[in-house]
Number of protein chains: 2
Amino acid sequence: MNDATTYDPHAFEPFAVTVDLAVFTVREGRLHVLLIRRGQDPYAGAWALPGGFVLPRESAESAARRELAEETGLSRESAAALHLEQLRTYSEPDRDPRMRVVSVAYTALVPGLPEPRGGGDAAHAQWMPADGAPALAFDHARIIADARDRIGAKFEYTCLATAFCPRAFTLGELQQVYETVWGVELDRPNFRRKVLATPGFVEPVEGAPRRTGGRGKPAALYRAGTAATLHPPLLRPQRRF
Amino acid sequence: MNDATTYDPHAFEPFAVTVDLAVFTVREGRLHVLLIRRGQDPYAGAWALPGGFVLPRESAESAARRELAEETGLSRESAAALHLEQLRTYSEPDRDPRMRVVSVAYTALVPGLPEPRGGGDAAHAQWMPADGAPALAFDHARIIADARDRIGAKFEYTCLATAFCPRAFTLGELQQVYETVWGVELDRPNFRRKVLATPGFVEPVEGAPRRTGGRGKPAALYRAGTAATLHPPLLRPQRRF
DNA sequence: TCAATAGTGTCTTTTAGACAATATTGC
DNA sequence: GCAATATTGTCTAAAAGACACTATTGA
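Residues numbered from 1 in each chain as written. Chains lettered and ligands numbered in written order. Predicted model: local features only at pLDDT ≥ 70, side-chain atom pairs only at ≥ 80, totals over all residues. Heavy atoms only, no water.

(A) The arrangement of the protein's contact with DNA strand C in detail. Every one of the 22 residues lining DNA strand C counts as a neighbour, but Pro189 and Ala220 of chain A together with Asn190, Lys194 and Gly214 of chain B are closest to it. Near-protein atoms of DNA strand C (within 4 Å) split between backbone and bases, with sugar and phosphate holding 59%. Side-chain polar atom of arginine 192 of chain A to a phosphate oxygen of DNA strand C: 3.0 Å apart, as the coordinates give it. Contact between DNA strand C and aspartate 187 of chain B: a base nitrogen at 3.4 Å from a side-chain N or O atom of the residue. Those elements that place two or more of their residues in the surface near DNA strand C are helix H5 (188-197) of chain A together with helix H5 (188-197) of chain B. With 4 residues, H5 of chain B is the single largest residue contributor to the surface near DNA strand C. Along the lines of polarity and charge, the residues of the surface near DNA strand C split into 7 nonpolar, 5 polar and 10 charged. (Near = heavy atom within 4 Å. Polar contact = N/O pair within 3.5 Å; in protein donor to acceptor, adjacent residues only side chain to side chain. Helix = DSSP H or I, 4+ residues; strand = E, 2+ residues; numbered from the N terminus. Nonpolar A, V, L, I, M, F, W, Y, C, P; charged D, E, K, R; others polar.)

(B) Representation of the protein's contact with DNA strand D. Near DNA strand D there are 22 residues, and of these Asn190, Lys194 and Gly214 of chain A together with Arg188 and Ala220 of chain B occur at the shortest range. Each atom of DNA strand D within 4 Å of the protein was assigned to sugar, phosphate or base; sugar and phosphate come to 61%. Between DNA strand D and aspartate 187 of chain A there is a distance of 3.4 Å, counted from a base nitrogen to a side-chain nitrogen or oxygen. For the surface near DNA strand D, the elements supplying multiple residues, two or more each, are H5 of chain A together with H5 of chain B. Of all the elements, H5 of chain A adds the most residues to the surface near DNA strand D, at 4 residues. Class assignment for the residues of the surface near DNA strand D results in 7 nonpolar, 5 polar and 10 charged.

(C) Just the domain arrangement of chain A, in detail. Residue and element names in this part refer to chain A. Taken domain by domain, chain A consists of domain 1 (14-155) and domain 2 (159-224). On a C-alpha basis, the centroid separation for the pair domain 1 and domain 2 is 27 Å. Taken together, the 15 residues of domain 1 in the interface contact 12 residues of domain 2. The junction of domain 1 with domain 2 conceals about 1,300 Å² of combined surface from both sides, 76% of it contributed by carbon and sulfur atoms. Taken as a group, Val26, Leu109 and Phe155 account for 48% of the area that domain 1 buries against domain 2, more than any other trio of residues on that side. Inspection of the region where domain 1 meets domain 2 yields 0 salt bridges. (Domains from an automatic or database assignment. Contact = heavy atoms within 4.5 Å. Buried area = accessible area lost by both parts, 1.4 Å probe. Salt bridge = Lys/Arg side-chain N within 4 Å of Asp/Glu carboxyl O.)

(D) Spatial organisation of the nonpolar core. Core analysis: the largest hydrophobic core is formed by 50 residues, its most contacted members being Val23 and Tyr106 of chain A together with Val23 and Tyr106 of chain B. Counting residues per element, the ones that place at least two in this core are strand E1 (16-27), strand E2 (30-37), helix H1 (60-72) and strand E6 (101-109) of chain A together with strand E1 (16-27), strand E2 (30-37), helix H1 (60-72) and strand E6 (101-109) of chain B. Not counting residues within four places of it along the chain, the set of residues in contact with tyrosine 106 of chain B comprises Val19, Asp20, Leu21, Ala22, Ala60, Glu61, Ala64, Leu84, Glu85, Gln86 and Leu87 of chain B. (Core = buried A, V, L, I, M, F, W, Y, C linked by side-chain atoms within 4.5 Å. Buried < 20%, exposed > 50% of the residue type's maximum accessible area, 1.4 Å probe, protein only.)

(E) Local environment of the state of the cysteines. The full count for this structure, using the stated rule, is 0 disulfides over all chains. Its sulfur unpaired, cysteine 159 of chain A is 12 Å from the next cysteine sulfur, which belongs to cysteine 165 of chain A. (Disulfide = S-S within 2.5 Å.)

(F) How the structure looks around unusual backbone geometry. Residues and elements named next belong to chain A. In this structure, proline 232 follows histidine 231 across a cis peptide bond, with omega equal to -5 degrees. Examined against the element boundaries, proline 232 turns out to sit in the segment after strand E9 (222-224). Backbone geometry at phenylalanine 138 places phi at a positive 50 degrees, although glycine is not the residue there. Secondary-structure assignment places phenylalanine 138 in the loop between strand E7 (126-129) and helix H3 (140-157).

(G) Region of interest: the packing of helix H4 (residues 171-182) of chain B against H5 of chain B. Residue and element names in this part refer to chain B. At a closest axis distance of 11 Å, the pairing of H4 and H5 adopts a crossing angle of 100 degrees. The orientation of H4 relative to H5 falls into the category roughly perpendicular. Taken together, the residues of H5 that come into contact with H4 (itself represented by Leu171, Leu174, Gln175 and Tyr178) are Arg188, Phe191, Arg192, Val195 and Leu196. Counted by class, the contact of H4 with H5 contains 6 nonpolar, 1 polar and 2 charged residues. (Axes fitted to C-alpha atoms, helices over the stretch in contact; angles between N-to-C directions. Parallel < 35°, antiparallel > 145°, perpendicular 65-115°, else oblique.)

(H) Main features of the pattern of salt bridges. Following the criterion strictly, the structure yields 28 salt bridges over all chains and no others. Between arginine 223 of chain A and glutamate 203 of chain A there is a salt bridge, with its nearest N and O atoms 3.2 Å apart. Of this pair, arginine 223 of chain A sits in strand E9 while glutamate 203 of chain A sits in strand E8 (residues 202-204); the two residues are 20 residues apart in sequence, bridging distant segments of the chain. Here aspartate 131 of chain B ties to arginine 148 of chain B by a salt bridge, and the two come within 3.0 Å at their closest N and O atoms. With aspartate 131 of chain B in the loop between strand E7 (126-129) and helix H3 (140-157) and arginine 148 of chain B in helix H3, this residue pair connects regions lying 17 residues apart in the sequence. You can call aspartate 131 of chain B partly exposed: its relative accessible area is 45%. Here arginine 148 of chain B falls in the partly exposed class, since its relative accessible area comes to 26%.

(I) Broad picture of the packing of aromatic side chains. Residue and element names in this part refer to chain A. The tally for this structure, following the rule as stated, stands at 11 aromatic pairs over all chains. Chaining the aromatic ring pairs together yields one cluster made of Phe155, Phe164, Tyr178, Trp182 and Phe191. Taking NZ or CZ as reference, arginine 88 lies 4.9 Å from the ring centre of tyrosine 90, over its face. (Phe/Tyr/Trp six-rings, centres within 6.5 Å; stacked < 30°, edge-to-face > 60°. Lys NZ or Arg CZ within 6 Å of the ring centre and 35° of its normal.)

(J) Expanded view of the environment of leucine 235 of chain B. The residue leucine 235 of chain B is located in the segment after strand E9 (222-224) in this model. In this structure, the C-alpha to C-alpha distance between leucine 235 of chain B and leucine 82 of chain B, residues 153 residues apart in sequence, is 25 Å. Once residues lying within four places of it in the same chain are set aside, the contact partners of leucine 235 of chain B are Pro232 and Pro233 of chain A together with Glu156 and Trp182 of chain B.

(K) Examining helix H4 (residues 171-182) of chain A more closely. The end-to-end C-alpha separation of H4 of chain A is 16 Å, in line with the 16 Å expected for 12 residues at 1.5 Å each. Residue glycine 183 of chain A follows H4 of chain A closely and has a positive phi angle near 70 degrees. (Expected span 1.5 Å × (residues − 1).)

(L) Summary view of the side chain of glutamine 86 of chain A. Mapped onto the secondary structure, glutamine 86 of chain A falls in strand E5 (residues 83-90). Taking the relative accessible area as the measure of exposure, glutamine 86 of chain A reaches 11% and is therefore buried. At 3.5 Å, the side chain of glutamine 86 of chain A and the side chain of tyrosine 106 of chain A are in polar contact. In terms of polar contacts, glutamine 86 of chain A uses its side chain to reach the side chain of arginine 88 of chain B, at 3.0 Å. Here glutamine 86 of chain A is in contact with Val104, Ala105, Tyr106 and Arg150 of chain A together with Arg88 and Thr89 of chain B, once residues within four sequence places are set aside.

Below you can see the structure in the form of structure tokens.
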């Protein structure tokens, strides 16, 4: 085994360590991902995930939150409240043609509303549909695919879906989040029964019911509960064969 | 956003990138983890996870497989067949007191039998019970805890448990793997019904049945099936409250 | 009135959990 | 025979799925 004691940090060409952010939202019944347009080679003009270098004195998680605030134009306080989760690390030697870059990818889920009005560099950040997205720089298409897999799986046994919803939301909105992420239709009464029967998933919020589109009965409002995981899970409908 | 184009790799003190391996096995009904004893400061004399530096031209995954082969004394071919999975990356600035080290942790599951007879550096590698383990160097206790959480969760909806079993195993052995990892007792008839009803989880193997301890009816042998995930999942018994 | 969405109730099928009963081995 | 483990079977409880039905809004 190698040991760090025997290692001279300057003996090798150094590794660069970056974070990449796969920031998702649901708008108009479609999953969107936050992308920026690259101005320089390689991949000049291509779309890419936001991200940046981990600074010498910060953790990857801190770097991810810092970049997230910068890219979305949110305050640090708001960004701190967003759901941010480490996805995995990508370290193929040639994933960046210029130098050795190891990137820690993070997934963030944000409610549908806020535009990525960027302070600073984020002016070119834009929501793009996660399906039918353009060609992406580096291995970013892979990162997005991995992130979508992870999100879809976590929807089954965690309360993660509420991270896509505003503070107060209707069960119809929550159901649409599930349907969008999973790409399936769910039965409304059964979904409702299941969600309400899961302790800590959602809790009712008092006040005037909200109308969804103007038409139809106004729906009751709920907010995210205190639970983090679902017991029992909310399983994706299976493709029986 | 920072961009690698504007980055001088030698401007900062470089990052070192390592892999840490949390290698587990089940023996005698207890979960064990492969540890090495450190010979040098910091943490001289303490136990630590095996691992090492990612070389300039290899991916973290390749480094993990290389280190795994070295530490366990297995051939590259055997090591390639073991279950190896990226856990997460640890990047706190002071996790190593000497320098900035970002470590990509991997989890490996191996069948109970093989001793870590090490070629080379691995002579000091040893299986230790995962509970009641000694104090560990760096943040390795945290890594082991994260790995155990992940394994326990994945047991619910994947076929991962068979990775702890030899090529041919009995349902009783598989059940004991579940019971060890989850720390619960399972009902044998129900476990059996569930496993056999899940397509692709296990498949029967012909040949003489094996006796477990000499006493009792010999059990039929099975091998791992072709499925990777369980549908529907095999849920951990819930602590109802 | 109708269209549209929210919400309730009910029935059936599936799955999980508890546990009795039988089978096959070593001693 | 008995102890120990494997295996089958049965009954019950819980959950999922399908779907009819009612409720409340805007036009």
